[in-house]
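Spelled out from the first residue to the last, the chains are:
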Amino acid sequence: MNEWHELDNRYMMSTVKRIPIAIERAEGNYLYDTEGKKYLDLFTGLAVNILGHLHPRIVQAIEEQGHRFLHISNLFLNPPAIQLAKRLVEHTLPGGKVFYTNSGAEATEAAIKLISKWISKTKSHKNGIVVLKNSFHGRTLGALRLTRQPSVYQDFPQLSFPIYEVEVNEIEELEELCIKEQPAAILVEPVLGAGGVITLSSEYLMAIRRICNEQQMIFALDEIQTGIGRTGKLFAYQHFSFQPDLILFAKGIGGGLPLGGIIAASHLANVFQYGDHGTTFAPSPLSAALGNAVLDVLLEEGQLERGRQAAEELWDQLTALQKKYPQILHYIDGKGMMLGIRTHLNSDEVQQLQQYLLQEGILVNVTAKTVIRLLPPLTLSAAEIDFFINKLEHYISYRLSVKED
Ligand SMILES: *Cc1c(COP(=O)(O)O)cnc(C)c1O
């Protein structure tokens, strides 16, 4: 056990099983530990560092905004945040408006409050929110109600607003429920993240849009993990031809700093009035300045397109590996730079694989116990893809040779 590991155990609550390496610095697609060892970062701080670490445009934005002001409160006009809101709205739901938060869970809270306010304002008879089995929408108590993973919610108070849990991609079940129970909204992740990287079918997403139109429900999309270029578009729904009513964002938008929020379409843009919601810190001017830098790099400097090509290369190579070793690699789900590798290994063996990759200098995440989740930066290079694929293949052939013995 190294010194930092020991101090961590002594002074920090153990809410996460930490990878026992102490990080000294990070640059580009690599983390460096205090022993000087280098790691290829294939999960980008859980889908945050979409441009890798210390991208020059991010560093420039820190320096510029860092010399102007860091915090002013919501009582003043905040140019970097206004500019970012304008760009987010113009790229998603023109005519809509943004409410900022400091995190993803708070974006979910804001969505719950906006939906509740909409119900009371329109004197709707509708009530409750539909969510998917195994969804993840955050860990504060309101958001936790919508997070349908028993291990995450079971020991905590359940707020009493009604929710309905439905199976992923089951259109009939959803439609029957919406007609019978008259919920006010449905909230889904386009690709379930912490639930194991499960992609919603385009038919399902289109059906949600149709049902919400027919039943006058709010279609809310949690793009906290899938947004900001992660799947190859600015937001994942932009692969399809529909528009949601509400978009939740966080993770990648702050360029590494905390920032989140919701974008409401025009018919919901004025649901919140003075005093209905607020927070002291959000939007942090520095986070917002970094948000603008992230959008500059993605949209104006072509990184979204280059990231899409890198993701295609990664998918091609992983798919080829899966075809070569179907006895180990079951299938790969996800979209763009969000991949869930499902194997025929049990959870101990998957952890062993994660350990092996760590030793070889590659960081991958495991979610839903056995799904190897990759959330690489859009800046991943062809050489880095080869490096990862080679190491993965090496482990697979080793496993197969052990099994044969
Ligand atoms: C991470 C995540 C959240 C919660 O965001 P925090 O910033 O951790 O509160 C909510 N929804 C989804 C889909 C996420 O991936």
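In every chain, residue numbers begin from 1 and rise along the written sequence. Whole-chain, interface and lining totals are the exception, using all residues; otherwise, since this is a predicted model, local features are given only for residues with pLDDT of at least 70 and side-chain atom pairs are given and counted only at 80 or more. In computing side-chain values, all of the structure's heavy atoms are included and hydrogens and water are not.

## Section: the overall build of the protein
1) Next: Elements are defined by DSSP. Helices are runs of H or I of four residues or more, strands are runs of E of two residues or more, and each kind is numbered from the N terminus. A count of helices and strands for the protein gives 13 helices and 17 strands.
2) Next: Relative to the globule expectation of 22 Å for 405 residues, the C-alpha radius of gyration of the protein, 21 Å, shows essentially globular dimensions.
3) Next: If one aligns the C-alpha atoms of the protein with their principal axes, the spans along those axes are about 70 × 55 × 45 Å.
4) Next: Residues counted as buried form 54% of the 405 residues belonging to the protein.
5) Next: The contact criterion used is simple: two residues touch if any of their non-hydrogen atoms lie within 4.5 Å. For the protein, the share of sequence-separated contacts (at least 6 apart) that also reach a separation of at least 24 residues comes to 70%. Only the C-alpha atoms count toward the radius of gyration. The rule for a globule is 2.2 Å times the residue count to the power 0.38. Throughout, exposure labels follow a simple rule: accessible area from a 1.4 Å probe, protein chains only, divided by the maximum for the residue type, with under 20% read as buried, over 50% as exposed, and the rest as partly exposed.

## Observations concerning the sheet that holds strand β1 (residues 23–27)
1) Next: On the basis of which strands lie adjacent, the open sheet formed by 4 strands has the order β1-β2-β3-β15 and mixed pairing. Unpaired on one side and paired on the other, β1 and β15 (362–363) mark the two borders of the sheet.
2) Next: The criterion for strand pairing is that DSSP finds at least two bridges linking the strands in question. Across 4 bridges, β1 lies against strand β2 (residues 30–33) in antiparallel orientation. Bridged to E27 within β2 is Y30.

## Considerations on helix α5 (residues 104–121)
1) Next: A helix is expected to span 1.5 Å for every residue after the first. In a regular helix each residue adds 1.5 Å, so 18 residues correspond to 26 Å; α5 covers 25 Å between its end C-alpha atoms and thus fits that length.
2) Next: Among the residues of α5, those classed as buried are G104, A105, A107, T108, A110, A111, I112, L114, I115, W118 and I119.
3) Next: Two residues or fewer after α5 comes K123, characterised by a positive phi angle close to 50°.

## Notes on the pattern of salt bridges
1) Next: Definition used for salt bridges: Asp or Glu carboxyl oxygen within 4 Å of a side-chain nitrogen of Lys or Arg. All chains considered together, the criterion is met by 19 salt bridges.
2) Next: With a closest N to O distance of 2.4 Å, R57 and D296 form a salt bridge. Of this pair, R57 sits in helix α3 (residues 56–66) while D296 sits in helix α10 (residues 285–300), and the two are 239 residues apart along the sequence. In this structure, R57 and D296 share a single accessibility class: buried.
3) Next: With its nearest N and O atoms 3.0 Å apart, the salt bridge here joins E175 to R210. Of this pair, E175 sits in helix α8 (residues 171–181) while R210 sits in helix α9 (residues 202–215); the two residues are 35 residues apart in sequence, bridging distant segments of the chain.
4) Next: For R210, a relative accessible area of 32% corresponds to the partly exposed category.

## Observations concerning the pairing of strand β5 (residues 129–132)
1) Next: Burial of the side chains of β5 extends over both faces: I129 and V131 are buried on one face and V130 and L132 on the other.
2) Next: Sheet topology places β5 next to strand β6 (residues 163–166); 4 bridges connect them, and they run parallel. By the bridge assignment, L132 is partnered in β6 with V166.

## Describing the site of the ligand
1) Next: Taken together, S103, G104, A105, F136, H137, G138, E189, D222, I224, Q225 and K251 make up the full set of residues adjacent to the ligand.
2) Next: Any pair of nitrogen or oxygen atoms within 3.5 Å is treated as a polar contact; in protein, a donor-acceptor pairing is required on top of that, and neighbouring residues in sequence qualify only through side-chain atoms on both sides. Contact between the ligand and A105: an oxygen atom at 2.7 Å from a main-chain N or O atom of the residue.
3) Next: Between K251 and the ligand, the recorded distance is 2.6 Å, taken from a side-chain N or O atom to an oxygen atom.
4) Next: With residues, only the protein chains shown are counted as cover, and all accessible areas are computed by Shrake-Rupley using a 1.4 Å probe. In isolation the ligand exposes 380 Å². Once the protein is present, 80% of that is buried.
5) Next: In terms of residue class, the shell around the ligand is built from 3 nonpolar, 5 polar and 3 charged. We call a residue near a molecule or strand when any one of its heavy atoms sits within 4 Å of it. Residue polarity is assigned by list, with Asp, Glu, Lys and Arg as charged and Ala, Val, Leu, Ile, Met, Phe, Trp, Tyr, Cys and Pro as nonpolar; anything else, Gly included, falls into the polar class.

## Structural notes on the packing of aromatic side chains
1) Next: Any two rings among Phe, Tyr and Trp, with Trp reduced to its six-membered ring, count as a pair given centres within 6.5 Å; such a pair is stacked if its planes are under 30 degrees apart, edge-to-face if over 60, and tilted if neither. Per the counting criterion, the structure on display carries 7 aromatic pairs.
2) Next: An angle of 15° between the planes, with centres 5.5 Å apart, marks the rings of F219 and F242 as stacked. Residue F219 is found in strand β10 (residues 218–222), and its partner F242 is found in the loop between β10 and β11 (246–249); the two are separated by 23 residues along the sequence. F242 shares its class with F219; the two are buried.

## Observations concerning a nonpolar patch on the surface
1) Next: Candidates for patches are residues over 30% relative accessible area with no salt bridge; among them, like charges are joined within 9 Å and nonpolar side chains (Val, Leu, Ile, Met, Phe, Trp, Tyr) within 5 Å. Among the surface-exposed residues, L141, F156 and L159 lie close enough to one another that they form a single nonpolar patch of about 260 Å² accessible area.
2) Next: Relative to the helices and strands, F156 resides in the loop between α7 (150–153) and β6.

## Quick look at the side chain of Q215
1) Next: Considering the arrangement of structural elements, one finds Q215 in helix α9.
2) Next: Sequence-distant contacts of Q215, defined by excluding residues within four places in its chain, comprise K126, C178, I179 and Q182.

## Details of the sheet that holds strand β16 (residues 365–367)
1) Next: Judged by pairing direction, the sheet is antiparallel, and its 4 strands sit side by side in the order β13-β14-β17-β16 without closing on themselves. Strands with a single pairing partner mark the edges of an open sheet, and in this sheet they are β13 (329–335) and β16. With strand direction ignored, the average angle separating the axes of adjacent strands in the sheet is 30°.
2) Next: Examined bridge by bridge, β16 and strand β17 (residues 371–374) share 3 bridges and lie antiparallel to one another. Bridged to N365 within β17 is R373.
3) Next: Each of β13, β14 (338–343) and β17 is contacted by helix α11 (residues 303–324), which is oriented at about 160° to β13, the strand it contacts most.
4) Next: To get an axis, a line is fitted to the C-alpha atoms, and for a helix only the part in contact is used. The angle between two axes follows their N-to-C directions and goes from 0 to 180 degrees. Of the strands in this sheet, β14, β16 and β17 touch helix α12 (residues 347–359), which is tilted by about 165° from β16.

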